[in-house]
Amino acid sequence: MRRKNNALYIDLENIPSGLDLKILFEELTLKHNESPEEENIFVIKMACGNSKAIKKMEKQLAEYNFVIRDTPSITTNYKNRADLIISLEALETIIINTPVIDRYVFITSDSDFTVIMEALRKYGKEVYLVTKEMVSDKAIFNNSCDEILILESFMPKPKIEEPKDSSVPKSKKEEKQDPSHIKKIDRMVEDLAKKVIESFDPDSWQLVSYVGVKFHQMDKSRMIERSSYRSLGNLLAKLEQDKFLARKINEKGHPEIRKVLS
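Read on for a plain summary of the structure. Here the residue index of a chain counts from 1 through its sequence in written order. Reporting in this predicted model follows two pLDDT cut-offs: at least 70 for local features of residues, and 80 or more for side-chain atom pairs to be given and counted; totals over whole chains, interfaces and linings ignore these cut-offs and use all residues. Here the side-chain values reflect all heavy atoms present in the structure, with hydrogen atoms and water set aside.

1. Focus on the sheet that holds strand 8 (residues 245-249)
1) Next: Strand order in the open sheet formed by three strands is 7-9-8, with antiparallel pairing between adjacent strands. The sheet is open, and its two borders are formed by strand 7 (206-207) and strand 8, each paired with just one other strand.
2) Next: For strand 7 and strand 9 (residues 255-259), the ladder comprises two bridges, and the chain directions are antiparallel. Bridge pairing links L207 to E256 in strand 9. Note on pairing: two strands pair once DSSP finds at least 2 bridges between them. The numbering of helices and of strands both runs from the N terminus, where a helix is a DSSP run of H or I of at least 4 residues and a strand a run of E of at least 2.

Written out as structure tokens, the structure reads:
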């Protein structure tokens, strides 16, 4: 089993207090490995925020053995130094280099962290960002990290009580997500896939696996998983149905695609 050292930093004042660390750690441990032989070890766990923000998550942080730093406000507009403290802590790991950190995970919605994120990538480190969906498509975030995870995915879903009177219909919001929001995401991933495909030589066939790699480089927040398509395979099937692309199986049995020439 190959060990992969992770450093995880939480900016407590820029995340919702409903974050469930158990769900987050399970996701990072089980789904983000380069191979089955790789094991994620969380060697650094640090959370910064003011006393009010700490109190909301104190029990969880203690259970996962986080180092907690109280960062009181230093200005009248409640600005603290959490971003500076976390950034310096992360940079120090590069200087000391013991233990060697392979992946850095920042949980925040503050774009100030992109400075240290960019610096860590310069040193060949893998950088993850866990942030709110509403800011996940910011260019500055997508250009400063390798992977973006949606913070709301790690919050327990509220339980909806069934109406006592079975004749009372459920609201549309209870039955499904906002359809206009889903349609917006669908259009975004469709446009993104088309841009990726159009970037290739129109006379050359491309492996679907390679298309997937290029698509993920453009979709670091994994919008595809929040769309009605759910996967790139389903999206490519739709584009094939729309006659935007053609598909074939090569001599090795691998699927390939290219844009349909008009």
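2. Digging into helix 2 (residues 51-63)
1) Next: Helix span, as expected, comes to 1.5 Å for every residue beyond the first. A rise of 1.5 Å per residue sets the reference length of helix 2, with its 13 residues, at 18 Å; its end C-alpha atoms lie 18 Å apart and thus fit the reference within 8%.
2) Next: Of all bends in helix 2, the biggest is about 65 degrees, found at M57.
3) Next: Under the scheme applied here, a residue whose accessible area is under 20% of the maximum for its type counts as buried, over 50% as exposed, and between as partly exposed, the area being computed with a 1.4 Å probe on protein chains only. The complete set of buried residues in helix 2 reads A53, I54, M57, Q60 and L61.
4) Next: Contacts are residue-level and defined by heavy atoms, with any inter-residue pair within 4.5 Å sufficient. Contacts made by the buried residues of helix 2 are with strand 1 (2-11), helix 1 (21-30), strand 2 (38-49) and strand 3 (67-70).
5) Next: A positive phi of about 60 degrees marks N65, the residue just after helix 2. Bend is computed residue by residue as the angle between axes fitted to the seven residues ending at the residue and the seven residues starting at it.

3. Some details on the nonpolar core
1) Next: Side-chain atoms within 4.5 Å link the members of a nonpolar core, which is a set of buried Ala, Val, Leu, Ile, Met, Phe, Trp, Tyr and Cys residues. Ranked by internal contacts, the top residues of the largest apolar core, which has 23 residues, are L8, I10, L12, L21 and I107.
2) Next: Residue assignment for this core shows that the elements contributing at least two residues are strand 1, helix 1, strand 2, helix 2, strand 4 (103-107) and strand 5 (126-131).
3) Next: One finds M46, A90, Y104 and L129 within the second-largest nonpolar core, a separate group that totals 22 residues.

4. Description of the environment of S111
1) Next: Among the structural elements, S111 can be located in the loop between strand 4 and helix 4 (114-122).
2) Next: Classification of S111 as partly exposed rests on a relative accessible area of 26%.
3) Next: Considering only alpha carbons, one finds S111 and D191, 80 residues apart in sequence, at a separation of 26 Å.
4) Next: Dropping the residues within four chain positions of it, S111 is found in contact with I140 and F141.

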